[in-house]
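Notes for the structure review
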Amino acid sequence: MNWLRSYPREIQVFLLASLISAAGGSLMWPLTTLYVYQELGRTMTDAGFVVLLQSLGGIGGQLLGGTLYHRLGVKKLIVGSLALNALCLFALPFVSQNWHLYMLTMVFVGLFNAMSLPAIQAFIGFRFADRRGQLFNIVYVANNIGVALGTALCGVLADISYHLTFVLNGVSCALFAGFFFVYLTKIGEGERPPTEQEDVHNPGRPQVNTEKRPVWLLAQVRVYLYMGIGSLFLWLGNSIWNTGVSPFIVSSGMLISYYSLLWTLNGVLIFAGQPFVNFIRRVAARTAEAQMTASALFYLFGYIVILGFHNYPAMIVAMILITFGEMLLSPAIPSYVSEKTGLYAPFYLGVAGGIGAVGRVIGPYIMGVFYDAGGLHPVAWVAVIAGILSLAFFMIHHYAQRKAVSLTGL
């Protein structure tokens, strides 16, 4: 942990809070599909539909979070959305007996959780601009250490009670909201929406004109569109884990903990595999755009392994490949957006995230329909095709950057 001591104390505390929040969040999200399928006795199509609704709320949350950043201020936006998300999570055990009320609550869980994401990413990019690329990666690693801890427990807790995972997720979300309230109050950020001509996060730069921003910036499609569509197909294909692999494991007679162990492997590898991914960045993927393309290749190879071998060892190999892809992609997108778009980063993070979240919307439902029709094999084919399309759009994005308009100086 010597590398952590080189950062200011406020970054160290921020990383610890992110780790705890990620651990709490990972108690529930790998099990949502299984909860609907096993506990509520619904079909995989119904399970996919719930995740679809949650992801649909996530699209709205990404767009709202990016658009409202400069209007509300970072403190109101982050703390408010996290607090509302915690309330929805606490409500889940009480509404789960009513199918329609449960679905509505899951929409709000997706909405409020996603609202905080572009705001937190933009805050990191603004406050730590001198080392944001490095910090995005470290935050990502810290989050996934939390994921490793949470997923190691989620299967065990689910065997006791699914509702316990909802409550503990809500507790971690409420703690994260409390952390940001204290943290942002202490450093004097986000007390009100910025109104001065000079931006409060980047002295010397002009304030964003929030009245003209959305229409004009949406015209800069090279900045966000191909990257967003690439993410869309990637997240569509990655739905194979919740709406393909998880029911396959259960129907094969294996314990739920076998599924949660795959995500534990994901979290551990994200920490232990950093030297390998850093080697790839130095040798073959030096820019954020190249890292997105390389990421799609790893995802595609992982889907091909699942398609070719329907057994647990193959799923372990696929998870390793896909984790390397995730490690390349997750820090690359916020780093690219923050570098290329400057003050407009919250808006573009929300728009690109919203486009990508469409894959999370349609993926579980499509996978659920195909799984009900033929099991894991047709689901794996859908993932492979989605992986190919994701690779194609990330390559287009990489090429388009040669002519992209830089917005950082505006």
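The protein goes by Putative MFS-type transporter YttB in an unreviewed UniProt entry, where it is assigned to Paenibacillus nuruki. Of the protein, the UniProt comment under Subcellular location (unreviewed entry) reads exactly: "Cell membrane".

Our focus in this paragraph is the overall build of the protein. The helix and strand inventory of the protein stands at 17 helices and zero strands. Here the protein holds 410 residues, and 59% of them are scored as buried. Excluding contacts between residues fewer than 6 apart, the proportion of contacts in the protein whose partners are at least 24 apart in sequence is 84%. Roughly 16500 Å² of accessible area belongs to the protein as shown, and the carbon and sulfur atoms make up 67% of that amount.

In this fold, Phe 14 is placed in helix α2 (residues 9-25). Taking the relative accessible area as the measure of exposure, Phe 14 reaches 2% and is therefore buried. Sequence-wise, Phe 14 and Phe 180 are 166 residues apart; in three dimensions their C-alpha atoms are separated by 8.8 Å. The contact partners of Phe 14, leaving out residues within four places of it in the chain, are Ile 120, Ile 124, Val 139, Phe 179, Phe 180 and Tyr 183.

Within the secondary structure, Tyr 69 is located in helix α4 (residues 44-72). With relative accessibility at 2%, the residue Tyr 69 sits in the buried group.

With respect to the helices and strands, the residue Gln 54 is situated in helix α4. For the pair Gln 54 and Met 103, spaced 49 residues apart in sequence, the C-alpha to C-alpha distance is 7.9 Å. Ignoring sequence-local partners within four residues, the contact set of Gln 54 consists of Thr 32, Met 106, Val 107, Val 109 and Gly 110.

Let us now look at the side chain of Thr 243. Topologically, Thr 243 is positioned in helix α11 (residues 241-251). Thr 243 gets classed as buried once you look at its relative accessible area, which sits at 1%. What Thr 243 contacts, discounting residues up to four positions off in sequence, is Thr 33, Met 44, Pro 364, Met 367, Gly 368, Tyr 371 and Val 379.

It is worth spelling out a nonpolar patch on the surface at this point. A cluster of nonpolar side chains, contributed by Leu 16, Ile 20, Val 167, Val 171 and Leu 175, occupies part of the molecular surface with about 410 Å² of accessible area. Mapped onto the nonpolar patch, the elements with two or more residues apiece are α2 and α8 (162-187). Tallying contributions element by element places α8 first for the nonpolar patch, with three residues. With a relative accessible area of 52%, Leu 16 lands in the exposed category.

Counting residues in hydrophobic clusters, the biggest one holds 114 residues, and the most contacted among them are Phe 180, Ile 240, Trp 241, Val 245 and Leu 262. Among the elements that make up this core, the one with the highest residue count is helix α6 (residues 99-127) (14 residues). When residues no more than four places from it in sequence are discounted, the contact partners of Trp 241 are Ser 246, Tyr 259, Leu 262, Trp 263, Ile 306, Met 315, Ala 318, Met 319 and Ile 322. Listed in part, the 13 residues of the second largest apolar core include Tyr 140, Ile 280, Phe 298 and Phe 324.

With 29 residues, α6 should reach 42 Å at 1.5 Å per residue; the first-to-last C-alpha distance of 43 Å fits that figure. Sitting at the amino-terminal end of α6 is Asn 98, which places a side-chain oxygen 3.2 Å from the backbone nitrogen of His 100.

Basis of the calculations
- Residues numbered from 1 in each chain as written.
- Predicted model: local features only at pLDDT ≥ 70, side-chain atom pairs only at ≥ 80, totals over all residues.
- Heavy atoms only, no water.
- UniProt positions renumbered as here; feature names shortened; annotations may be inferred.
- Helix = DSSP H or I, 4+ residues; strand = E, 2+ residues; numbered from the N terminus.
- Buried < 20%, exposed > 50% of the residue type's maximum accessible area, 1.4 Å probe, protein only.
- Contact = heavy atoms within 4.5 Å.
- Areas by Shrake-Rupley, 256 points an atom, 1.4 Å probe, with all protein chains shown as cover.
- Patch = residues over 30% accessible without salt bridge, like charges linked within 9 Å, V, L, I, M, F, W, Y side chains within 5 Å.
- Salt bridge = Lys/Arg side-chain N within 4 Å of Asp/Glu carboxyl O.
- Core = buried A, V, L, I, M, F, W, Y, C linked by side-chain atoms within 4.5 Å.
- Expected span 1.5 Å × (residues − 1).
- Polar contact = N/O pair within 3.5 Å; in protein donor to acceptor, adjacent residues only side chain to side chain.

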